[in-house]
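Below, each chain spelled out in residue letters.
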Amino acid sequence: MQELKFKCDPSKDAVFGHGFADEIGNFDWNETIRIVENATEADVRRVLAKARRNVKPLTPEEFAILISPTADPFLEEMAQLSRHFTLERFGKTISMYIPMYVSNACTNKCVYCGFNHDNPFTRTTLTPDQVENECKAIKKLGPFENLLVVSGEYPSLCGVEYLEKVLHRCRPYFHNLTIEVQPMKAADYYRLTESGLNGVVCFQETYHREAYKKYHPRGMKSHFDWRLNGFDRMGEAGVHKIGMGVLLGLEDWRADTIMMARHLRYLQKRYWRSRFSVNFPRMRPSESGYQPKVIINDRELARLTFAFRIFDHDIDISFSTREAPYYRDHIMRLGVTSMSAGSQTEPGGYATSPEALEQFEVSDDRSPMSVAEAIRTNGYEPVWKDWDAIFD
């Protein structure tokens, strides 16, 4: 069968393909920070008034005003608007998912990650049989139907052929399969959708082109344009749901999330058949020992969440077990729509190799059923299954 050709894939004139990397130069990083710094109280009131009218969506620049320090006194008003738009779109539901790490082998040398290639630990890559054992163990924890398959970025070990085998083993146990692995060609994403793939999550980490190289000195991940254009390749391949995020702690978190808002609008315009989700992971301790360059506190993270919901009413906002139980229990009523539970961040952590090298430490270590009970206590309903499809 002839291989499908995709415009976003690498070509002779574009080693890393085409996509948002062709557009990002139109947005100056320092000028983006100045939008935040120059925001006035009148600007905040104007943006919130527009949001309440709900006639036109906010622009990324208006989103920038809502995450500026000037907007801090308006936190309660933003929380109520965020809650209103979330209830209007999603109702009182929280979608439940669980990650399954299949490998901690990685060719990258990300300075902040426990999977860094130079960390002197034995690496584990699960066999298809071990993957199935993990699936069985997860189903004993709770009635999960949304599975996130995660691996380090090691294409020769965890490439498209390996992932096909993983998806085939997971499909009988879960209705919704998402991957968080190395960025791939659009042709490979399309091939995986034919094997039952529903979604792809990828973290750009930071949109600061110059700083990006400092954090990713070696490996395929060191190529900024390749990673950034990966979202276009997902969209062109017809991936049903595309997950985005930046790692809060690397560079100025406000500038990074504004750039992500611009990226989201770009993707929505071009790949309108796909759904989108965002995640705001704060750095957690890992074997790397790396300390965050910047800190975003609990209040700022809450305001970021509210601002993004006001910016986009339809986006799925996810909070993982990186965050503490008390924080997740409170934020779930104010804008969040999906949560992980019972997470193990090492390959085989549920049944096979519970002592393997983990990517980072979780903060919320409650059982899935305990998290579900907390959701019900808040007057919400945990949703274990929200996607179904028939595959040949």
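Residues numbered from 1 in each chain as written. Predicted model: local features only at pLDDT ≥ 70, side-chain atom pairs only at ≥ 80, totals over all residues. Heavy atoms only, no water.

Visitor: How should unusual backbone geometry be read in this particular structure?
Guide: Peptide bonds are, in most cases, trans, and in most cases residues other than glycine have a negative phi. Of note in the backbone geometry, Asn 54 takes a positive phi value of approximately 55° without being a glycine. With respect to the secondary-structure elements, Asn 54 resides in the loop between α2 (41-53) and α3 (60-66). (Helix = DSSP H or I, 4+ residues; strand = E, 2+ residues; numbered from the N terminus.)

Visitor: Teacher, can you tell me more about helix α12 (residues 253-270) here?
Guide: Given 3.6 residues per helical turn, the α-helix brings residues three or four places apart onto the same face. In this model, α12 (18 residues) spans 26 Å end to end at C-alpha, consistent with the 26 Å of a helix rising 1.5 Å per residue. The element α12 is extensively covered by neighbouring structure, given that 14 of its 18 residues are classed as buried. (Expected span 1.5 Å × (residues − 1). Buried < 20%, exposed > 50% of the residue type's maximum accessible area, 1.4 Å probe, protein only.)

Visitor: Quick question: what am I supposed to make of the packing of aromatic side chains here?
Guide: When we look at a pair of aromatic rings, we describe it by the centre distance and by the angle of the planes. Scanning the entire structure with this criterion turns up 11 aromatic pairs. The interplanar angle of 55° and the centroid separation of 5.0 Å between the aromatic rings of Phe 20 and Tyr 266 together place this pair among those described as tilted. With Phe 20 in the segment before α1 (29-37) and Tyr 266 in helix α12, this residue pair connects regions lying 246 residues apart in the sequence. Residue Phe 20 shares its accessibility class with Tyr 266, and that shared class is buried. Members of the aromatic cluster, joined through ring pairs, are Phe 63, Phe 280, Phe 308 and Phe 311. When the ring centre of Trp 226 is taken as reference, the NZ or CZ atom of Arg 233 above it lies at 3.6 Å. Directly above the aromatic system of Phe 311 lies the positively charged group of Arg 265, at a separation of 3.9 Å from the ring centroid. (Phe/Tyr/Trp six-rings, centres within 6.5 Å; stacked < 30°, edge-to-face > 60°. Lys NZ or Arg CZ within 6 Å of the ring centre and 35° of its normal.)

Visitor: Sorry, what's going on with the pattern of salt bridges here?
Guide: Any two side chains of opposite charge can pair if their charged atoms end up close together. Within the structure shown, the criterion is met by 28 salt bridges. The salt bridge partner of Glu 62 is Arg 46, with a shortest N-O separation of 3.8 Å. With Glu 62 in helix α3 and Arg 46 in helix α2, this pair connects stretches of sequence that are 16 residues apart. Overall, the relative accessible area of 11% leaves Glu 62 in the buried class. Residues Arg 366 and Asp 364 are paired through a salt bridge, measuring 2.7 Å at the closest nitrogen-oxygen approach. A residue is classified by how much of its surface remains accessible, and Arg 366, at 18% relative accessible area, is buried. Linked through salt bridges whose partners overlap, the residues forming this network are Asp 43, Arg 46, Lys 50 and Glu 62. (Salt bridge = Lys/Arg side-chain N within 4 Å of Asp/Glu carboxyl O.)

Visitor: Looking at this model, I keep getting lost on the nonpolar core. Mind explaining?
Guide: If you look at soluble globular proteins, the nonpolar side chains tend to sit buried side by side. Within the largest apolar cluster, 108 residues are counted, with the highest numbers of intra-cluster contacts made by Cys 170, Tyr 207, Phe 280 and Phe 308. Looking at this core, the element that brings in the most residues is α12, giving nine residues. Sequence-distant contacts of Tyr 207, that is, excluding residues within four places in its chain, are made with Phe 20, Ile 24, Trp 29, Phe 224, Leu 228, Met 244, Val 246, Asp 256, Met 259, Met 260 and His 263. Of all hydrophobic cores here, the second largest spans 16 residues; its members include Cys 113, Phe 115, Val 150 and Ala 211. (Core = buried A, V, L, I, M, F, W, Y, C linked by side-chain atoms within 4.5 Å. Contact = heavy atoms within 4.5 Å.)

Visitor: How should I be thinking about the packing of α2 against helix α4 (residues 75-90) in this particular structure?
Guide: One can describe the packing of α2 onto α4 by two numbers: an axis separation of 11 Å at closest approach and a directional angle of 20°. By the angle between their axes, α2 is roughly parallel relative to α4. The element α2 and its partner α4 pack so that their crossing is left-handed. Here α2 contributes Leu 48, Ala 51 and Arg 52 to the contact with α4, which in turn contributes Glu 77, Met 78, Leu 81 and Phe 85. Taken together, the residues of the contact of α2 with α4 break down into five nonpolar, no polar and two charged. (Axes fitted to C-alpha atoms, helices over the stretch in contact; angles between N-to-C directions. Parallel < 35°, antiparallel > 145°, perpendicular 65-115°, else oblique. Left-handed = near helix turned anticlockwise from the far one by under 90°. Nonpolar A, V, L, I, M, F, W, Y, C, P; charged D, E, K, R; others polar.)

Visitor: Explanation requested: the pairing of strand β1 (residues 93-103) in the structure shown.
Guide: Regular strands show a simple pattern: their side chains alternate between the two faces of the sheet. The buried fraction of β1 is high, at 10 of 11 residues. As judged from the three bridges shared by β1 and strand β9 (residues 381-383), these two strands associate in the parallel manner. Each residue of the ladder has a partner; that of Ile 94, found in β9, is Pro 382. Pairing of β1 with strand β8 (residues 338-340) involves three bridges; the strand directions are parallel. The partner of Tyr 97 across the bridge, within β8, is Ser 340. Pairing analysis gives five bridges linking β1 to strand β2 (residues 146-151), with the strands arranged parallel. Its bridge partner lying in β2, Ser 103 is registered against Ser 151. (Pairing = 2+ DSSP bridges.)

Visitor: How should the side chain of Ser 151 be read in this particular structure?
Guide: In this structure, Ser 151 sits in strand β2. For Ser 151, the residues in contact, after removing those within four places along its chain, are Val 102, Ser 103, Cys 158, Glu 180, Val 181 and Gln 182.

Visitor: Explanation requested: the environment of Glu 41 in the structure shown.
Guide: Note on placement: Glu 41 falls in helix α2. With residues up to four places along the chain from it excluded, the contact list for Glu 41 reads Thr 70 and Phe 74.

Visitor: Looking at this model, I keep getting lost on the side chain of Ser 222. Mind explaining?
Guide: In this structure, Ser 222 sits in the loop between α9 (209-215) and α10 (224-228). In this structure Ser 222 comes out as buried when scored by relative accessible area, which is 10%. One polar contact links the side chain of Ser 222 to the main-chain carbonyl oxygen of Gly 219, over a distance of 2.6 Å. Setting aside chain neighbours within four positions, we find Ser 222 in contact with Tyr 212, Lys 213, His 216 and Pro 217. (Polar contact = N/O pair within 3.5 Å; in protein donor to acceptor, adjacent residues only side chain to side chain.)

Visitor: Where do I start with helix α5 (residues 128-141) in this structure?
Guide: The end-to-end C-alpha distance of α5 is 20 Å, a good match for the 20 Å that 14 residues give at a rise of 1.5 Å each. For α5, every residue scored as buried is listed here: Val 131, Glu 134, Cys 135, Ala 137 and Ile 138. Down the axis of α5, the buried side of the element spans an arc of 170°, and every buried residue falls inside it. (Arc of directions from axis to C-beta.)

Visitor: Looking at this structure, I do not really get the state of the cysteines. What am I missing?
Guide: Disulfides are covalent bonds that link the sulfur atoms of two cysteine residues. Applying the stated rule across the entire model yields zero disulfides. Left without a disulfide partner, Cys 202 is nearest to the cysteine sulfur of Cys 110, which lies 11 Å away. (Disulfide = S-S within 2.5 Å.)

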